[in-house]
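One-letter residues, chain by chain:
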Amino acid sequence: MFAPVRSSGCFVYFEGQLPDIPACQLLDTLVAGLDIADVASISTRNRFLSWSKLRQKKVDAALDDSTTLSISLLVGTPQDVRLGGAITLRLDGKFPELESPALAWVGAESQRWPATVFVRVARDWLRIAAEHGKVLSGGVLAAADLRDVVVETTQVFHTYAGEEPDTSPRSFRGKMQREKPASEARERIRRVYPITLLGPKFASQINASKLAAAGARNLEHINGSIIFDATPDLREAWSREYLAETVELRRLLWPLTFQNPADDPDRKGRR
């Protein structure tokens, strides 16, 4: 059960296996930046999660064990999640054409971790990814609740017992059900986020001056990647205000995106 309050999220896709150094830096940055060393739990089980207190020796063991696919973090309890995240260390490799790229993601409720605090950590995540990993893309966003953050960043749906989720075309879940599978992230970016990371594969296809002209701000160029802000603060990527502010950016980057109909900059002109 995820915290039913406004939350923030960050995710990054990588090409291939995530090297140990950036994996450690991502984890250390998150733990220190959000001050969760004493409250976080960790799981290194690949299927059925078994939580225990975060300890460096568990992290080291996961990095050394070739069968450990990911490190997961939790603050709260499985019945009341306040922060969740995971860092993919290794890909399974059984069905590479269907498998999602290596993913690092984190979501946190904004009462305990305000957006201003979260953004500092999230932007450091994007920088670390750009500096050290073969990064594909990433983003930082806000959402109405923590479950929406988890669904947005992982593309994994969560339905509570007895719930009949809203799947109408205009609902968050309805829009996410039209999203292309995460395996497509090797060839396209998801969408324009309030803070967006374009890895070298995608940054090389966009003129930075055109990004700025379309409204991108705070552009950073790191190791062939580009990080930019689409809005001055975190917004929900499908909120009316966000869509209104990012028309030109979404139009410029539309050919590189998953092209979810909800992101179409010209959709209002269509029947």
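Residues numbered from 1 in each chain as written. Predicted model: local features only at pLDDT ≥ 70, side-chain atom pairs only at ≥ 80, totals over all residues. Heavy atoms only, no water.

Draft legend 1. Molecular detail of the layout of surface pockets. Roughly 1200 Å³ of internal volume is contained in the largest pocket. Contributing to the lining of the largest pocket are 35 residues, with Ser 70, Ser 72, Ala 86, Trp 105 and Val 156 lying nearest its centre. Here the residues of the lining of the largest pocket are counted per class, giving 21 nonpolar, nine polar and five charged. (1 Å grid on protein atoms, 1.4 Å probe; cavity = no way out; pocket = protein on both sides within 12 Å on 5 of 7 lines; lining within 4 Å. Points joined across faces, edges and corners; volume = space filled by probe spheres on them. Nonpolar A, V, L, I, M, F, W, Y, C, P; charged D, E, K, R; others polar.)

Draft legend 2. A look at the packing of helix 1 (residues 20-33) against helix 3 (residues 115-132). Where helix 1 meets helix 3, the axes come as close as 10 Å, and the angle between the chain directions of the two elements is 170°. Between helix 1 and helix 3, the angle falls in the class roughly antiparallel. Taken together, the residues of helix 3 that come into contact with helix 1 (itself represented by Pro 22, Gln 25, Leu 26, Thr 29, Leu 30 and Gly 33) are Val 117, Val 121, Asp 124, Trp 125, Ile 128 and His 132. When grouped by side-chain class, the residues that make up the contact of helix 1 with helix 3 number seven nonpolar, four polar and one charged. (Axes fitted to C-alpha atoms, helices over the stretch in contact; angles between N-to-C directions. Helix = DSSP H or I, 4+ residues; strand = E, 2+ residues; numbered from the N terminus. Parallel < 35°, antiparallel > 145°, perpendicular 65-115°, else oblique. Contact = heavy atoms within 4.5 Å.)

Draft legend 3. Spotlight on the pairing of strand 9 (residues 217-222). In terms of strand pairing, strand 9 meets strand 10 (residues 225-229) through four bridges, oriented antiparallel. Residue pairing in the sheet places Glu 220 in a bridge with Ile 227 of strand 10. Where strand 9 hands over to strand 10, the hairpin turn is made up of two residues, of which Asn 223 adopts a positive phi near 55°. (Pairing = 2+ DSSP bridges.)

Draft legend 4. Broad picture of helix 4 (residues 146-154). Burial analysis of helix 4 places nine of its nine residues in the buried class, the great majority of the element. Considered for burial, the residues of helix 4 that qualify are Leu 146, Arg 147, Asp 148, Val 149, Val 150, Val 151, Glu 152, Thr 153 and Thr 154. Where helix 4 is buried, its residues contact strand 1 (7-14), strand 5 (80-88), strand 6 (102-109), strand 7 (135-143) and helix 5 (172-176). Put simply, Asp 145 is the residue that caps the front of helix 4, since its side-chain oxygen is 3.2 Å from the backbone nitrogen of Arg 147. (Buried < 20%, exposed > 50% of the residue type's maximum accessible area, 1.4 Å probe, protein only. Polar contact = N/O pair within 3.5 Å; in protein donor to acceptor, adjacent residues only side chain to side chain.)

Draft legend 5. Up close: the pairing of strand 7. Burial runs high along strand 7: nine of the nine residues are buried. Bridge count for strand 1 against strand 7 is eight bridges, and the pairing is antiparallel. Paired with Phe 11 across the two strands is Gly 139, which belongs to strand 7.

Draft legend 6. Representation of the side chain of Gln 155. In this fold, Gln 155 is placed in the loop between helix 4 and helix 5. Within polar-contact distance, the side chain of Gln 155 engages the backbone oxygen of Lys 180 at 2.8 Å. Setting aside residues up to four positions removed in sequence, Gln 155 forms contacts with Tyr 13, Val 150, Met 176, Glu 179, Lys 180, Pro 181, Ala 182, Arg 190 and Phe 258.

Draft legend 7. Broad picture of helix 2 (residues 56-64). Of the residues making up helix 2, those classed as buried are Val 59, Ala 62 and Leu 63. Buried residues of helix 2, seen end-on, are gathered within an arc of 100° and therefore sit on one face of the element. For helix 2, the exposed residues lying more than 90 degrees away from the buried face are Lys 57 and Asp 64. Buried residues along helix 2 sit against helix 1, strand 2 (40-43) and strand 4 (70-77). (Arc of directions from axis to C-beta.)

Draft legend 8. Examining the nonpolar core more closely. One finds Phe 14, Ile 36, Ile 87 and Trp 125 to be the most contacted residues of the largest nonpolar core, which totals 44 residues. Top element by residues in this core is helix 3. It accounts for eight residues. Within the second largest apolar cluster, 37 residues are counted, among which are Val 5, Trp 105, Leu 141 and Ala 214. (Core = buried A, V, L, I, M, F, W, Y, C linked by side-chain atoms within 4.5 Å.)

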